Amino acid sequence: MKPSNALRTGWRLLSERSASVLPVYLLVSGLYGVARVPLLLAGLIAVWLAAASGRLDPFADLLRQIQSAPDAERGGDVAAPGELSPEMIDSELGDAVAGLLMPETVALVLVGVLVAIVLGLVASALGSAAAVGGILGLLRDRDGVRAAVESARTYWRSILGVRVLFLLALAAVVVPVGGVVAGTAGAVLGASASGSANAASIGGSLVAVGIAVLGTLIGALLVLAVVLLFAFAEQAVVVDDAGALAAVRASVQFPIARPVAFLGYVAVGAGTVVLTVTAAAIGSVVGANRVTGLLGVVVVPPILDGVKTSLYAETTLPPDPDPTPLGDRARAAFGGGLRAVGGFVRDRPVANLVSLGCVVAGGVIGWLATASIGVALPVGGDVGNVFGSGAFGPLGTAVNLAVNNWLVAVGLAYSGLAAGIPAVVNLGFNGLIVGAVGGVFEPVAFLALVAPHGVIEIPSIVVGGAVGLRLGFVGVGALRGRRDDGEVARAIRHAYRVLLGLVPLFVVAALVEAFLTPAIASVVLGG
């Protein structure tokens, strides 16, 4: 197959079959939310242990000192003797943070990190199996979402094996090269340091730098070689129904057996990197850098996986069964999404109430934890101009907020497949953060900065969490054999429609937060 045909297939998958492709890739992104659960729980338990042992008291004392310190509005922009200065705040904050490093908290965090790594590997294997299986299903004219569910259930262990072999291969090239570079550079520096002449010392340093640069270059090339040799291993697992070792062998042999196809994929991959870096640079200039993250979820992976799977399977996408123009389909999708949101809120009251309860419970706990400190910090600065006055300042911020909040909702929804636990934990944590912040700021200031956009944003997050709870119910039913792959696929599609309906809500909330909330807060607070 010509690489150009595979590239066309990758684009057509996204443009013509988005309703079957995007739910799978949003699922892939959301599954990583499972890996955050042990980190959040470990962190919360560590904070609770620190509070129980009195190690959070220095933070409370520092907040009280900041509250009592003069500010610019009261004519106290310069600290008087004995009062807090920025240097003193940094010093006391550093001491307070150092006091948290108890053996128990360090051990908890380490355990949380290890568990998160294991869950992340499993989530990545499930996601990759679903993605490749979904694309292969579409190439074979099947229901892509159902094919993804079947593939995840069938092939995740083999793909997990591929991931483990990939990590071992990376370690096999990185560790020796890094050890040789570090040892050689250290020996050169040690020899030069023992010499008496300054010239010898400078020369030794230059040699050490040269060795480090050369070693880094060699290491990077070896890493790139490993990445390319493993590039088609996951396709081999799903297309050939192969085990991990057989799939890796097939991937290593692919460049030799089909060099034109392999070089075509390399060219597509390099072009994708260039376009991604360009998009990131543009996003940074206009202040909308979160767009790059969105592209990395819903654009780049489907096209690249489509190219790889099409090349490996030597199959192109069948003709589009729906000739409706893309713009019309997009408008119908978002309109249907809004209706899906309304229907979900109406038809799933228990899930929505439980989701709201998780947020409220987290908020109450956070507020009680910080309100007991007895401070009410004012909001300083020019709140009316908090997002800048430049041409792209508030607009770029609005884009970032909308994308970020929507991706949070995606994570809440699709990570919920794991029995709903990630959705519950993340909902409670989000509420905890909001409540904790509200507990240490003046109530009027806090409400002025949160309420205008929060009346739209928070309910939208709650709906995203409720979708996760519903998917958790479906996932538990599938594990117990009470729901088949078709039911799971329908639930994933329905979640996608609801998430599409949340997009305009998050856009409105972001525009309010970026353009109106600062102005409203400025009027309310007199800033």
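Attention now moves to the side chain of Ser 460. Turning to its location among the elements, Ser 460 is positioned in helix H18 (residues 443–479). Residue Ser 460 is classed as buried on the basis of its relative accessible area of 3%. Beyond its immediate chain neighbours, meaning those up to four positions away, Ser 460 contacts Leu 502, Leu 505 and Phe 506.

On to the pattern of salt bridges. Counted by the stated rule, this structure contains 13 salt bridges. Here Glu 16 and Arg 12 are joined by a salt bridge, their closest N and O atoms 3.0 Å apart. With a gap of four residues between them, Glu 16 and Arg 12 both fall in helix H1 (residues 3–16), about one helical turn apart. Between Arg 483 and Glu 487 there is a salt bridge, and its shortest N-O distance comes to 3.8 Å. Here Arg 483 falls in the partly exposed class, since its relative accessible area comes to 23%. Overlapping salt bridges bring together Arg 12, Glu 16, Arg 17, Asp 320 and Arg 329 as one network.

Below, the discussion takes up helix H14 (residues 326–347). Look at H14: 30 Å from first C-alpha to last across 22 residues, which is about the 32 Å you get at 1.5 Å a residue. Of the positions making up H14, those classed as buried are Gly 336, Gly 337, Ala 340, Val 341, Gly 343 and Phe 344. In this fold, the buried residues of H14 make contact with helix H15 (349–371), H18 and helix H19 (485–525).

With that settled, consider the packing of helix H12 (residues 290–298) against helix H13 (residues 300–313). Two quantities define a packed helix pair, namely the angle between the helix axes and the distance between the axes. Two elements in contact, H12 and H13, have axes whose closest approach is 3 Å; the angle formed by their N-to-C orientations is 30°. Taken as axis vectors, H12 and H13 run roughly parallel relative to one another. Contact with H12, carried on its side by Leu 295, Gly 296, Val 297 and Val 298, involves Val 300, Pro 301 and Pro 302 of H13 and no other residues of that element. Each residue belonging to the contact of H12 with H13 can be placed in one class, and the counts come to six nonpolar, one polar and no charged.

Let's shift gears to the packing of aromatic side chains. In this structure the tally under the stated criterion is five aromatic pairs. Ring geometry for Phe 254 against Tyr 312: centres 5.8 Å apart, planes inclined by 25°, an arrangement best described as stacked. Pair noted here: Phe 254 is in helix H10 (residues 244–257) and Tyr 312 is in helix H13, with a separation of 58 residues, a long-range link. In this structure Phe 254 comes out as buried when scored by relative accessible area, which is 4%. The class for Tyr 312 is buried, based on a relative accessible area of 12%. Among the aromatic residues, those joined into a ring-pair cluster are Phe 232, Phe 254, Tyr 265 and Tyr 312.

A few words on the environment of Val 173. Mapped onto the secondary structure, Val 173 falls in helix H7 (residues 144–194). Note: C-alpha distance between Val 173 and Val 226 (53 residues apart in sequence) is 8.6 Å. Look past the residues within four positions of Val 173 in its chain and what remains in contact with it is Leu 222, Val 223 and Val 226.

Let us look at helix H9 (residues 233–240). Counted residue by residue, H9 has seven buried out of eight residues, so it is predominantly covered. Three or more residues of H9 are buried, namely Ala 233, Glu 234, Gln 235, Ala 236, Val 237, Val 238 and Val 239. Where H9 ends, the next residue or the one after it, Asp 241, has phi of about 55°, a positive value.

The predicted model of the chain has a mean per-residue pLDDT of 85, with 83% of residues at 70 or higher. Considering each helix and strand of the chain separately, the mean pLDDT is smallest for helix H5 (residues 86–98), with a value of 61, and largest for H9, with 97. With pLDDT under 50 throughout, residues 72–82 is counted as low confidence; its partners more than four residues away or in other chains account for eight contacts.

Once that is clear, we can look at the packing of H14 against H19. Between H14 and H19, the shortest axis-to-axis distance is 7 Å and the interhelical angle comes to 105°. Taken as axis vectors, H14 and H19 run roughly perpendicular relative to one another. Touching Ala 333, Phe 334, Gly 337, Leu 338, Ala 340, Val 341 and Phe 344 of H14 are His 494, Arg 497, Val 498, Leu 500, Gly 501, Leu 502, Val 503 and Pro 504, all from H19. Residue classes in the contact of H14 with H19 are distributed as eleven nonpolar, three polar and one charged.

The next thing to look at is a nonpolar patch on the surface. Side chains of Leu 395, Val 444, Val 507, Leu 511, Phe 515, Leu 516, Ile 520 and Val 524 sit close together on the surface and give an oily, nonpolar patch of about 660 Å² of accessible area. For Ile 520, the position within the fold is in helix H19. According to the relative accessible area criterion, Ile 520 is partly exposed, its value standing at 37%.

Moving on, we come to the environment of Gly 396. Within the secondary structure, Gly 396 sits in helix H16 (residues 393–415). Note on Gly 396: relative accessible area 3%, which makes it buried. Residues Gly 396 and Asn 289 lie 107 residues apart in sequence; the distance between their C-alpha atoms is 8.2 Å. If sequence neighbours within four positions are ignored, Gly 396 has contacts with Val 286, Gly 287 and Ala 288.

Another point: unusual backbone geometry. Phi at Asp 241 is positive, roughly 55°, even though this residue is not glycine. Structurally, Asp 241 can be placed in the loop between H9 and H10. Here Asp 241 falls in the exposed class, since its relative accessible area comes to 55%. In the Ramachandran plot, Glu 314 falls in the positive-phi region, its phi being about 55° despite a non-glycine side chain. Mapped onto the elements of the fold, Glu 314 is located in the loop between H13 and H14.

About the criteria used
Residues numbered from 1 in each chain as written. Predicted model: local features only at pLDDT ≥ 70, side-chain atom pairs only at ≥ 80, totals over all residues. Heavy atoms only, no water. Helix = DSSP H or I, 4+ residues; strand = E, 2+ residues; numbered from the N terminus. Buried < 20%, exposed > 50% of the residue type's maximum accessible area, 1.4 Å probe, protein only. Contact = heavy atoms within 4.5 Å. Salt bridge = Lys/Arg side-chain N within 4 Å of Asp/Glu carboxyl O. Expected span 1.5 Å × (residues − 1). Axes fitted to C-alpha atoms, helices over the stretch in contact; angles between N-to-C directions. Parallel < 35°, antiparallel > 145°, perpendicular 65-115°, else oblique. Nonpolar A, V, L, I, M, F, W, Y, C, P; charged D, E, K, R; others polar. Phe/Tyr/Trp six-rings, centres within 6.5 Å; stacked < 30°, edge-to-face > 60°. pLDDT = per-residue confidence, 0-100. Patch = residues over 30% accessible without salt bridge, like charges linked within 9 Å, V, L, I, M, F, W, Y side chains within 5 Å. Areas by Shrake-Rupley, 256 points an atom, 1.4 Å probe, with all protein chains shown as cover.

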